[in-house]
Structures are given as structure tokens and as C-alpha cells.
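# Coordinate analysis (summary)
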Amino acid sequence: MPGFVGIRRVRLDNEGMAEIIHNQTVDALLNRCSIRAFEPDEIDDDTIATLELCAQHAPSSMYLNDWSAIRITDPEKRRKLAEIGRQSYIGTAPLLYIFVIDEHRNAQIAQRMGVDVESGEFTLNTSYRFTQAQNDATLALQAMATAAESLGLGSVVLGTVLGDIDAVIDLLELPQFTYPVLGLALGKPAQQPEVKPRMPREVQFMENSYFGDELTTRTRMEAFDAEVHTYYDLRNDGRPEETFSKQIAKKAVAQGVLQSGLDHAKRQGFRLDR
Ligand SMILES: Cc1cc2nc3c(=O)[nH]c(=O)nc-3n(C[C@H](O)[C@H](O)[C@H](O)COP(=O)(O)O)c2cc1C
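This report concerns the structure included in the present document. As the structure is a prediction and not an experimental result, all values here were calculated from the model.

Turning to the site of the ligand, a few remarks are in order. By nearness alone, 15 residues border the ligand, and Ser34, Arg36, Tyr89, Gly159 and Lys196 come closest of all. Arg32 is positioned with one of its side-chain polar atoms (N or O) 2.9 Å from an oxygen atom of the ligand. Between the ligand and Tyr89 there is a distance of 2.5 Å, counted from an oxygen atom to a side-chain nitrogen or oxygen. For the ligand, whose unbound accessible area comes to 620 Å², protein coverage reaches 70%. If one sorts the elements of the shell around the ligand by residue count, strand β3 (residues 154-158) sits on top with three residues.

Structure follows, in C-alpha cells:
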């Protein structure tokens, strides 16, 4: 696999009872990590076509295909998005996409077929479709990221581009029934971060019903907390990460997220109360 850097860490199942089966796909997924520094090399048209086609082949709720992705090549728009997201690599990544919920295209099709999209019978702008279209867009983005990884490229998902949703809507001229979901920056990696630890499988995967025993979960999380504390995030000036629990406590009261709510959906014609 081009660009494949080998297994950085062979993982055993958390309980040590099962051994992980390795192949190129599994290893690519287990070694994936977000890349935030890119070589300046341009991404060629064949690669772009391949990545876009892989994204299109992701599953789609009700086969509505209700997402679109906008490739940002205009330097001024990139600069503005980097400013909105407050992350310089948004401006410098060789390839940058903003994935959007897109019921605009479907509304046009339905209208052409005689549906009155301004009437109450129209449901593509309701809350269920909004969330499912968001799922579609996210799955497509992840398919693109995985395809990129398999081709030796790296990527980072960008939620911070939603730091100013109105500005993104204006910048990308998003029409009625569209809404920004996430950005994806891609390129040839210019860094090799450590694979970031994940919590014990038993805490995240449950059987038949929700497992909520707080004490057992807490005990299992202690070792994970310690592991996260040994992880060095390249963004962190050589300091180890805070424990997972400390991070959660901080993020649980982060006020910045309030500006990225769904208030702006109404402006785009969505009726999230339906
Ligand atoms: C929905 C979503 C939004 C994210 N937004 C950002 C972002 O704006 N900037 C960034 O640098 N990383 C972003 N990330 C990447 C996460 O920080 C990263 O996936 C997480 O810390 C785990 O690290 P890893 O991807 O290296 O395993 C985002 C990831 C997701 C899934």
C-alpha cells in the first residue's frame, strides 16, 4: 500500500482474550490518526476523482443522496475558512472540502416532478431528514478520508469551520435547504503523530442493553486515563495530554460550542420543530 508506514503498535484486545486480525485495511484503520501538517505537493486529478467517487459510494439514507461537498480552491475563501476555524492548516492543506447537507437538489427535482416544496406536504426540510442527511454527509466524508489514507494521504476532520455558520453559508453561497456539516483537509502527511489511545472496548461496546454501572466503568477508565496522560499531542508543545477525565470535565462546560447550534438551520429553510 503506497505510503503505508507499518504497524506502529500491535494492539491486543483490551481483555487480552482475543487477538486482532491484521490485514492492510484493518492496519490502515488502526494506524489512522489526524494529520494537521501537509507537504505542499498538489493532489493530482486522478486522486481527486478517486476520493470523490469513494465518498459517493458511501451508504445513503433512503438513497436520497442528500449531501454535497464543496472543494475549496479559491485562496481567499481558504483564508477566510482558516480564520473562521482558527486553524492555519485549513488554509494550507492541498485539498479542502466542506461537506453540506443538501436537500436543495432534491427539492428542485421534486418540484420539477410537481411537488410543492413550500407546502406542508414537503418533508425533506424536517428534523428527521436533517439528521439523516447529516449522517449521509459524515459517512461520505469518512469514506473519502479512509480512501485517502489507503492512498498514503492524511486528513483531518474540521468541525471548527462551523465556528461562524452564517459566515460559512455566505462564503459558500449555500442556498435554501443546504447546511454545512464538516470540513475535511487532506494532503501528503508532513508529520507522523502517535496513534491516539482509545478507551477500553468494553466501555464503548455493550451487549443487548446499555451498561451503566458507574463503578465498573470508572475502574476500567482509570488505566485509560493514565494511558491518555502518556500521549503526546503534536499540538501540545511537547507536553503530555491531560487525562481523559480531565479533558471531559473541561469540555463539558466549554461555552464556545454554543455559537455552533442549529439556530441557523431556519435561515436555510429547515423546520427542525417538525
Ligand atoms: C466531528 C469532528 C470534528 C473535528 N474537528 C476538528 C477540528 O476542527 N480541528 C482539528 O484539528 N481536529 C478536529 N477533529 C479531529 C479530532 O480532534 C480527532 O479525531 C481526535 O482528537 C482523535 O484523534 P485522532 O483522529 O488522531 O485519532 C474533529 C473530529 C471529528 C470527528
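The discussion continues.
Counting buried positions over the eight residues of strand β2 (residues 95-102) gives eight, a clear majority of the element. Relative to β2, strand β1 (residues 67-71) runs antiparallel, the two sharing five bridges. Directly across from Ile70, in β2, lies its bridge partner Ile98. Note that β2 and strand β4 (residues 178-187) share eight bridges and pair antiparallel. Bridge pairing links Val100 to Pro180 in β4.

Turning our attention to the packing of helix α9 (residues 214-229) against helix α10 (residues 244-251). Here α9 crosses α10 at 85°, and the two axes come no closer than 7 Å. One finds that α9 runs roughly perpendicular with respect to α10. On α10, the residues that touch Met221, Phe224, Asp225 and Val228 of α9 are Phe244, Ser245 and Gln247. The residue inventory of the contact of α9 with α10, partitioned by class, reads four nonpolar, two polar and one charged.

Here we take up the sheet that holds β1. Strand order in this open sheet of four strands is β1-β2-β4-β3, and the pairing throughout is antiparallel. Each edge of the open sheet carries a strand with a single partner, namely β1 and β3. Averaged over all pairs of adjacent strands, the angle between their axes in this sheet comes to 25°, without regard to strand direction. The sheet contact formed by β3 and β4 spans five bridges and is antiparallel. Among the inter-strand pairings, Val156 is bridged to a residue of β4, identified as Ala185.

Scoring rules and cut-offs
Residues numbered from 1 in each chain as written. Predicted model: local features only at pLDDT ≥ 70, side-chain atom pairs only at ≥ 80, totals over all residues. Heavy atoms only, no water. Near = heavy atom within 4 Å. Polar contact = N/O pair within 3.5 Å; in protein donor to acceptor, adjacent residues only side chain to side chain. Areas by Shrake-Rupley, 256 points an atom, 1.4 Å probe, with all protein chains shown as cover. Helix = DSSP H or I, 4+ residues; strand = E, 2+ residues; numbered from the N terminus. Buried < 20%, exposed > 50% of the residue type's maximum accessible area, 1.4 Å probe, protein only. Pairing = 2+ DSSP bridges. Axes fitted to C-alpha atoms, helices over the stretch in contact; angles between N-to-C directions. Parallel < 35°, antiparallel > 145°, perpendicular 65-115°, else oblique. Contact = heavy atoms within 4.5 Å. Nonpolar A, V, L, I, M, F, W, Y, C, P; charged D, E, K, R; others polar.

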